[in-house]
Every structure is written in C-alpha cells, then in structure tokens.
Amino acid sequence: MTDSAAADLAQAFANKVTALNGQLLLPRDKIAVDDLFADYETLHDKVKALLAETKTTLDQMKAQADKYTQLEVVFIDRIRTALKDYEKYYIVFNNHTDAEISVFLGGNTTNGNWEQTNQTKIAANTLAQIDYPSEYAEAGNIYIYVNGADINSGSGYVFFVYGYLDAQANAEALKAFTDALNAFETGDLTIADESKVVAARTAYDALSAFVKKQVTEEQLTKLVNAENEILVAKDKAAAKTVADMIDALTNDSSAEDVVAASNAYDKLTEAQKAYITEAQLAALNAQVKRVEEAVVQAKADAFKAKVEALGTPTFPKDKDAVEALETEYNALEEMVQAKLTDMKATLDGYVEKASKYVQLEVAFGSDRIVSKFSGYDTYYLVIYNPK
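Predicted, not measured: the structure shown is a model, and the values here were computed from it. All residue numbers refer to positions counted from 1 along the written sequence of the respective chain. Note on the predicted model: pLDDT of at least 70 is required for a residue's local features to be given, and 80 or more for side-chain atom pairs to be given and counted; whole-chain, interface and lining totals, by contrast, use all residues. To get the side-chain values, all heavy atoms of the structure are used, and hydrogens and water are removed first.

J.: Even after reading the chapter, I still don't get the overall build of the protein, so can you show me in this structure?
T.: Looking only at helices and strands, the protein features 15 helices and nine strands. Throughout, radius of gyration means the C-alpha value; the globule benchmark is 2.2 Å times the number of residues raised to the power 0.38. By the compact-globule yardstick of 21 Å for 387 residues, the protein is too spread out, its C-alpha radius of gyration being 45 Å. Seen through its C-alpha atoms, the protein measures out along the principal axes to roughly 135 × 65 × 55 Å. Note on classification: 1.4 Å probe, protein chains only; a residue is buried when its accessible area is under 20% of the maximum for its type, exposed when over 50%, partly exposed between these limits. The proportion of buried residues among the 387 residues of the protein is 34%. Whether two residues touch is decided by their heavy atoms; if any such pair falls within 4.5 Å, the residues are in contact. Long-range contacts, defined here as pairs at least 24 residues apart, represent 69% of the contacts in the protein between residues at least 6 apart. As displayed, the protein has an accessible area near 23,500 Å², and 51% of this comes from carbon and sulfur atoms. By the counting rule applied here, Lys and Arg register as positive and Asp and Glu as negative, while His and the ends of each chain are not counted. Every charge is mapped to an atom, namely NZ of Lys, CZ of Arg, CG of Asp or CD of Glu. Side chains of the protein give 38 positive and 60 negative charges; the mean places of these two sets differ by 5 Å. Numbering of helices and strands starts at the N terminus; helices are DSSP runs of H or I of at least 4 residues and strands are runs of E of at least 2. Where accessible areas are quoted, they stem from the Shrake-Rupley method and a 1.4 Å probe; at the residue level, only the protein chains shown are allowed to cover.

Structure, rendered in structure tokens:
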C-alpha cells in the first residue's frame, strides 16, 4: 500500500470517528461504535500507524459503549420480560415511517400501580432512545404506545432494550464505602471517631440505588449503630459541660455564673438533660432560687430607698413624685411587692393625701394670672426655680 493510499484511508476513517463522536448518544449509537471498532481492526498496519489520536478517541468511545448490553426480551403484545442486574435501562426505538411519531411506556410497575412515562417524539426514519425506568423494566409486562395506541409484534416497529452497568465504578464506590466502614468498630466509639463515621455515611450516600442493594444489612446496621454511638457521645459531652458548670456553683457564685449555668441547661436537648443527675438539677434550682431572691430583694431595697429619699412629702409640691412612685410600685413583680408591705402602707398614705390636691389649668396673661377659681378650700402655687 502506498503512503498516499494509507493517508487517504486514515483520513476517511478518522472522519467517521469524528462525526460519530460529535453526536454520540449511548446506547443509541452502541452498534455504530462497535462497527467502527471492528472496522479499525481490519485496517492495514500502515493505516493504523496514522491513526494514533483517532484510536485513543475510539477506545474511549468503546469503553463507554461497553457499559451498555443489549438484552433479550420477549415481546408479543407487551414487553413480558422482567429485567434485573443493571443500573439503568433504555429502549432504542426505530421509527421507520416517514412521519414523526410519539412514544411512551405504560404498565403496572414495581410500585404496584399503573404508571406511564412522558411521551418522546421521534423524527421520521430515525433511531431514538427512551429511558426505560427501572421500576418498569424490573416489573415486566410493559406496553409500548405509538401515537396513543399500544403496539405488538406485528406492528412493524423495531426496538432494542439495553441495560447499563458501570461495573468498575460501582466496585470502586462499594469498596470506598466498605473501607470507610471498616475504619472503625462499634461498641466503644468516641467523639474523636466522628469524622470516620461521617466519612462512611458520606460514602454510603454517594452510592447509586443499584449499588446500595449490594450493601448488606449487617453493614447498614453497623453504620446506623455507629451514628447512634456518636450521637450519644456528643450528648454526654454536652451534658458534662453543663454538669461541670453546675458542680462549680456555690452560695458565693455570682448571678452571672448561675444564669450562665441555667441558660446552658435550658439549651440542652431532652436526651442530653437525661445525663444531668437529680442532685445536680436540684443544686442548680437552689442556686437559681437564691439569685432570684437576691434580685427580688435588690429591687425591693431600691424602691424602698426611693420612698425613704422622698422623706415626709409636702403637698402639693411632692404630688407628682408620690404619683410616680405609685406607678412604679404597680409595675413591680408580685414577688417584689410582697417584700414591701410596710412601705406600701406608707406609700398609700402619701397617695391618699396627694389625691386631695388637683392641678388646675391656669390662664396666665402678660404679667399676671387672669383665671378665677372656685370650689376648693385652699389654693397653692408650686413654683420651680430652674436657676
């Protein structure tokens, strides 16, 4: 073979590979890929020597195509074969007519219900692939509808069923999960082991539904038990932090420390609170009560000091001050008011006297009070000196 002839053959073959790779859709084009691969094997060595890059591309195409297997099915009035052992399923449908058709699948799926897929439009005289959902393929007894009518083996349509399985990727994913799961043993896990358990859960969640079926019940139980152990360890650790705060409290502890311990306890979950002993909870409540009583007493003392600072009020000069104290008293919590019984009696006396004085509206002219008053026994002026 001349160099020129070899170059022409190599270019023609390379063009075929490039054209197919540019619109490659699997499994629709699996047969075309297999045919090209077979054609390559028949080429003269001189031609092959010119196709190094093309052969790399073809090998990649073949590697992907090999993940699809054409399956044998029984089709009379429906696909009667129940399939298994593949991750995904496809139907490659040949529309041999000169018009566009619409195709969908229907039947009782593994869910136990009659279901149907979305419609796929297939152009005239073309091959198209249709997703064949696992719940359909694994159930069998699935009808194929063309333009709304179910077809049978005598309708003249040709189709192929393919199963997809990436055995290597699945094996690697399953091994990654198994290795992660074998990185620890349940029964004595601590928080330090959490990252290992999380890694195993992440590896499991990354598995496809098909590969998850290969995970044993024993493996899944180990993972769940490990997660529960870590959860318990974290609950115990959270509870211990709070327990240590409680144990550190004494009657000399500041209100801030007591409040911090109480707030920390309140933030625990019910599961975490179960690790706080009754004695510790009682000690915390006692300290909270002590602080609350101190706060109540402080509020009572502060109010009492305000009343005492007023001294013996003079009316009507101190009317506003007395009424302000009455308003403040009424806003106090009942626990504070309960400590001010004697002071309340004094304040009530002031309030009663203050109620006898009424502030009157006055019209003040340019240099004098022009209002006239009547109906009161005595009148007073309360004058404020701002200087």
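J.: Can you walk me through the sheet that holds strand 2 (residues 88-95) in this structure?
T.: The pairing of strands in a sheet happens through backbone hydrogen bonds and is either parallel or antiparallel. At least two bridges found by DSSP between two strands is the condition for calling them paired. Taken together, the four strands give an open sheet; going across it, the order is 1-9-2-6, and neighbouring strands pair in antiparallel fashion. Each edge of the sheet is formed by a strand with only one pairing partner; in this case those strands are strand 1 (68-71) and strand 6 (126-131). If you compare each strand with its neighbour and ignore which way they point, the axes differ by 30 degrees on average. Two strands pair when backbone bridges link them, and strand 2 and strand 6 are joined in this way by six bridges, in the antiparallel orientation. Bridge pairing in strand 6 places Tyr90 opposite Asp131. Here, axes are lines fitted to C-alpha atoms. For helices the fit covers the stretch in contact, and angles between N-to-C directions go from 0 to 180 degrees.

J.: Honestly, the nonpolar core in this entry has me stumped. Any pointers?
T.: Nonpolar side chains tend toward joint burial in soluble globular proteins. Throughout, nonpolar core names a set of buried Ala, Val, Leu, Ile, Met, Phe, Trp, Tyr and Cys residues whose side chains join them through atoms within 4.5 Å. Ranked by size, the top nonpolar core spans 23 residues in total, and within it Ile91, Phe93, Val103, Tyr132, Ile144 and Phe159 carry the most contacts. With near-sequence residues (within four places) excluded, Ile91 lies in contact with Ile79, Leu105, Ala128, Gln129, Ile130, Tyr132, Phe159, Phe160 and Val161. Leu20, Tyr40, Leu58 and Tyr90 belong to the second-largest nonpolar core, a separate cluster that totals 21 residues.

J.: Explain the pattern of salt bridges to me, please; I cannot follow it from the model alone.
T.: Side chains that differ in charge, positive against negative, can pair when their charged atoms come close. Here, a salt bridge means any side-chain nitrogen of Lys or Arg that lies within 4 Å of a carboxyl oxygen of Asp or Glu. The tally for this structure, following the rule as stated, stands at 24 salt bridges. For the salt bridge of Lys62 with Asp34, the shortest nitrogen-to-oxygen distance reads 3.8 Å. Separated by 28 residues along the polypeptide, Lys62 in helix 4 (residues 52-65) and Asp34 in helix 2 (residues 30-42) bring together distant segments of the chain. Residue class for Lys62 comes out buried when judged on its relative accessible area of 17%. According to the relative accessible area criterion, Asp34 is partly exposed, its value standing at 25%. Asp205 is the salt-bridge partner of Arg201, the closest N and O atoms lying 3.4 Å from each other. Here the residue Arg201 and the residue Asp205 both occupy positions in helix 7 (residues 194-205), the gap between them amounting to four residues, near one helical turn.

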